[in-house]
Each structure stands twice: as C-alpha cells, then as structure tokens.
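What the coordinates show
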Amino acid sequence: MKYRFLFFFVFFFYIISITCAEEISMYRLLLTDKGNSHYRVEWPEEFLSQKSIDRRKKQGFHIDETDLPIDSAYFEAIAKTGATVQTSSKWLKTIVVMIPDIEIQEKVRELSFVAEMTKVWSGGNEEYERNEENERNKGNERDENKDETDYGSALTQIKINNALLLHQEGYKGFGKTIAVMDAGFKNADIISDFLDLNKVLEAKNFTHEKGDPYRSSENHGTAVLSCILANNQGVMIGTAPFAQFYLFKTEVNGEEYPVEEDYWVAALEYADSLGVDIVTTSLGYSEFKDPEMNHSWDDLDGHTIPASRAASMAASKGMVLFNAAGNEGRKSWQKVIIPADAENILTVGAIRSDSLQAEFSSWGFIENGRIKPDVMAMGNLVCLVSGSGDIYYSNGTSFSTPILAGMGACLWEALPELTSFELMNLIKQFSDRSSHPDEYYGYGIPNIYEAYLYGKRNSDRLSLINNDEIKWGYTDSIRNRLYLKDDKITWVTICSFDGCIVLNQPVSSGFVDIGSLQKGIYVVSAFSNDKRYTGKFIK
C-alpha cells in the first residue's frame, strides 16, 4: 500500500513538473508609448550609425520618433516581474518577453505601459533551451557539367533579367551593403571556393535558439547567400559578388511561431541602424504550430501584421527590401505570405527559365487591391551552393528574391542618386508587364539594363514646384487632378512628404485623379519612355 502511495506521489509531481514546463510562453507586448528616454531626434548619432544617418540625408529622409529607442526603464520594470526580454521593436513600440508562469504573466499585464499582450510562442524548457538538432534534407545534387561561361550554371538566372550587361559595364555591387535575413548559414564561413568571408561584415543570431549562425544545421541561408555572393569563375557567379554583407539568423529551426516575425523585425531595425542599403529576406508566415495564431487572407493589407508594418517603413529609412512572395501557389493558402503584403517593398515571385511563372509561386491580389507580387525573377532549378560546398539546384521564391536583390544593388551602384522609392519604381517601370500588371506576374520581369540606361539618360531632377504651375504639369484644386503636359508620360508615382507611396499607377488619360489624397505636401515622379520628371506639389 505504501509503495502504491509512493508511486502516485511521484507520478503526481511528475505531472505537475510537466505542466509547469509547458506553461512557458512568449508574449508580444504593445506599449502605450516608448517612455521618457533621453534620446532625441536631434542627436541621432547616439542610436544610429553615421552610415545610417548619411543614407537618410542623401535621400532626403528625416529621422523621426519611430527611430528613438525604447526607454531602458521599461526593460528594467519588466525584469523585476520575473519575465525575460527576448527582443523588441522601436519602430512598432513592442517588447517580446518570455514568461514562465501565470503569476508573472499577471504582473506583466499590470504594468502601466503595457497596452496589449499577444501570445507569440509556447513550449517547455527543453524546447526553449535547445540547440539546433535536425538538418533538413535538401536533396543536393553535384553539378558535373560546368557551363563554359564564367557564370557557369548561374548564367540564365542573371541573364533573364538582362543584368549581365550591367556586370559587363563594371557594376557588381561595389560599395553597397546587403543584409540577408534567413535561417542558418551553414558553413558559409568556410566555403572559400565560392564565398569570400572578407565581404561579410557580421553574422548575428536574433533568435532564442542558441548557436553560431555558421554552425547551424540549416542550409537555406547559405544557398540564398550564394545567389548573390558566389564568385567562382566557370562554376557560379552571383548577382552582386562585390557587395558587402550582414547575415542575420531570424528563423528558429524546426518551429513555426509568430515570435519569428518579431526576430525578423529586430533584424530589420538593426540593419537600418548599421546603414544597410538593401535587405533580402526569403522568409514568410501564414500558418503556425498553434493554429489559433494563424494569419488569414484578411490580414494581407500591409498594415494588420506588425512585421508587414515594419517592412513598409524600411523604404522611408532609405533601404530597399526584397521579400519572397512565397511558394504557396499550389497550396491552399495560394497568395503571398506575411510580410510580402507590405507596401513600399519589392515582393518577388518566381519564373522558370522560359520566363513563365513557376506554378508554386504565390500570387495576389491582396486585401486592398494592391499589386502583389511586384516583380519576377528566376526561381525554378536555380543554381545554388550548399553548406557542404556543392553545387545543386532547387526551386523557390527563396532564390528568385536574392537573385533580384543582387541586381538591385548593382543598379543602385550605377545610379547612386536614386532614392529607395525611385529605385523600386524604376525596376517596376522597366518590367515587361508594367502597363498591364496582374496578380500572377505583378509588373513582370524587370529588364535591369534598360532601367540602367534610362536612369543614366535622366539623372537630372527638377527643382521644387508649387501647386500652381509645374514645368511638365499642373494641379487643379477644383477637379482634384494633376494634369500632365507631356502626353508621352505613362506612369506617375506620388509619395507623401514622409516617403510613403500614396499613389502608383499607369497613366492613359493625360491626368491623374488626386481626390483621394489628404491635404499636404507631396513628391511626384512621372515617367515617359525617355524622360523622368520629379517635383513637389501642395494640395
């Protein structure tokens, strides 16, 4: 009898210990404000690098309240409750915390600066503290038939967007910094035959998963990086082999929770603070381990999900973000995945070598009728480098995205006067479906060299304009129209003064309806086949 009692006693405490372990969760805290920090927009050197400050100044973007860090007193108050801070976002005013039990959860909820709490991860101690264990089998294949050209088997994936000619002009990404946000970068530091580690400025892990990003079991980030950085003549050359890189691990191996979106945002903000020019990310989210955390089609508006809001802000900081559309085309989700729905980014879909859409590539439109994906690049049977240093081939918008991001870096190197918005618009304007975009190809397949030639011919900008008369057009405050004097203008983009695109559309009638715009100052860019006009107007 006593042994039976002992058995039940031990079993009871075993069950209790398991239950307690399972109660560990992470919550995203939405803050009421960012506190009374000593940081000020007038002293940006205290929280941004000089490169980041210079990048903004060059493009005419202002440092604002979103750039200010969260008050350290808030982190101290959270620590006193027993919760552990995992990550945070100054742009979105959020802090993610790990909470081990309900009692601490209530203490956090009672903090005066916490407006909302959203669960973004759950698991036991073993899951939280583990290192990576399982490697995904990518089905790598060695390439025994090297192409005779310098680009080897990677020739088609740069040639299909006509960026090879830009390389031949000498533009290969020199002077541009690219942040790659992905899963692990297995052995990317030792594959010297393909990847030059001297061009990698930093590798950083933003997740709760411990370990060096280079010693990850995950091969995906290495393959993505190879699309841009590879430089092995006769075997594989990437699309921007002379650029410099930051490698950020934001994905947790073997898990799928919304907290990964928070890690992604933290990495994006860090990239901004460093002065990064281009960000490429081949990650996206729709369904999670806990179905109650899943996203829905209604979320695809660029504003509902925090990661999408952060992505939409990148361009106004002077960065261009390339994001994979997703591989959901043949799955039940079908559409682009978070944060590919964001405004003011380039969402990249996948085509085959024959320029037809790859069937797996996610499509749009999205919730508010905006065009997604934006543009297309090769994502079918792409030449890649694995973590073991082998050439192999794989499919996915994961690869079309960095391929095009590298081309974007080369184009920006060639046309350094462009702002982030102008670079994105130029790439879309010189895509093969720009006059008739659709939900499968977006604006189509960019012709990078033609975009370069156009930008080179039209590098001069107009001076400021007022709301009465523009050299190439004028505004009519009664009819709420922007009239265009040049009948060859085919495209107009209008941005608010803080850099957000408010109108981006083809022109066929000689005027643009601006009735939906609120009163304020706007920056307008108009494009014809051989000219680009820019200026400002007041509504």
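Residues numbered from 1 in each chain as written. Predicted model: local features only at pLDDT ≥ 70, side-chain atom pairs only at ≥ 80, totals over all residues. Heavy atoms only, no water.

**Details of the sheet that holds strand β13 (residues 375-378)**
Strand order in the open sheet made by the seven strands is β6-β9-β5-β10-β11-β12-β13, with parallel pairing throughout. In the strand order of this sheet, the two ends are held by β6 (200-205) and β13, each with one partner. Neighbour-to-neighbour, the strand axes of this sheet turn through a mean angle of 25°, independent of strand direction. Both strand β12 (residues 346-351) and β13 contribute to a ladder of four bridges, which runs parallel. When the sheet's bridge partners are listed, Ile351 is paired in β13 with Met378. With respect to the sheet, helix α9 (residues 259-274) is in contact with β5 (177-182), β6, β9 (244-249), β10 (278-281) and β11 (320-324), its orientation differing from that of β9 by roughly 155°. (Pairing = 2+ DSSP bridges. Helix = DSSP H or I, 4+ residues; strand = E, 2+ residues; numbered from the N terminus. Axes fitted to C-alpha atoms, helices over the stretch in contact; angles between N-to-C directions. Contact = heavy atoms within 4.5 Å.)

**Notes on the sheet that holds strand β19 (residues 501-506)**
On the basis of which strands lie adjacent, the open sheet formed by four strands has the order β19-β18-β21-β22 and antiparallel pairing. Each having just a single partner strand, β19 and β22 (532-538) make up the two edges of the open sheet. For this sheet the average axis-to-axis angle between neighbouring strands, irrespective of direction, equals 15°. Here helix α12 (residues 420-429) sits on the sheet in contact with β18 (491-496), β19, β21 (521-527) and β22, set at roughly 20° to β19.

**What about helix α2 (residues 50-59)?**
Turning to α2, its buried residues are Ser52, Ile53, Arg55, Arg56 and Gln59. Projected down its long axis, α2 shows its buried positions confined to an angular sector of 160°, all on one face. Among the exposed residues of α2, those pointing more than 90 degrees away from its buried face are Lys57 and Lys58. Looking at the buried residues of α2, the elements they touch are α9, α11 (397-414) and α12. Taken from the residues just after α2, Gly60 is the one with a positive phi, measuring 80°. (Buried < 20%, exposed > 50% of the residue type's maximum accessible area, 1.4 Å probe, protein only. Arc of directions from axis to C-beta.)

**Concerning the side chain of Thr222**
Locating Thr222 in the fold gives a position in helix α8 (residues 220-229). Residue classification places Thr222 among the buried residues on the basis of a relative accessible area of 0%. Polar contacts involving the side chain of Thr222 include one to the main-chain carbonyl oxygen of Lys186, which spans 2.8 Å. Setting aside anything within four residues of it in sequence, one finds Thr222 in contact with Gly184, Phe185, Lys186, Ala188, Ile191, Leu195, Val385, Ser386 and Gly387. (Polar contact = N/O pair within 3.5 Å; in protein donor to acceptor, adjacent residues only side chain to side chain.)

**Notes on the nonpolar core**
By size, the foremost hydrophobic cluster in this structure holds 80 residues, and its most contacted members are Ile178, Phe245, Phe322 and Leu411. Sort the elements by how many residues they give to this core and α11 lands first, with ten residues. Once residues within four sequence positions are removed from consideration, Phe322 is found in contact with Ile278, Val279, Thr280, Thr281, Leu346, Val348, Thr401, Leu404, Ala405, Gly408 and Ile427. Within the second largest apolar cluster, 48 residues are counted, among which are Ile24, Val96, Ala325 and Ile345. (Core = buried A, V, L, I, M, F, W, Y, C linked by side-chain atoms within 4.5 Å.)

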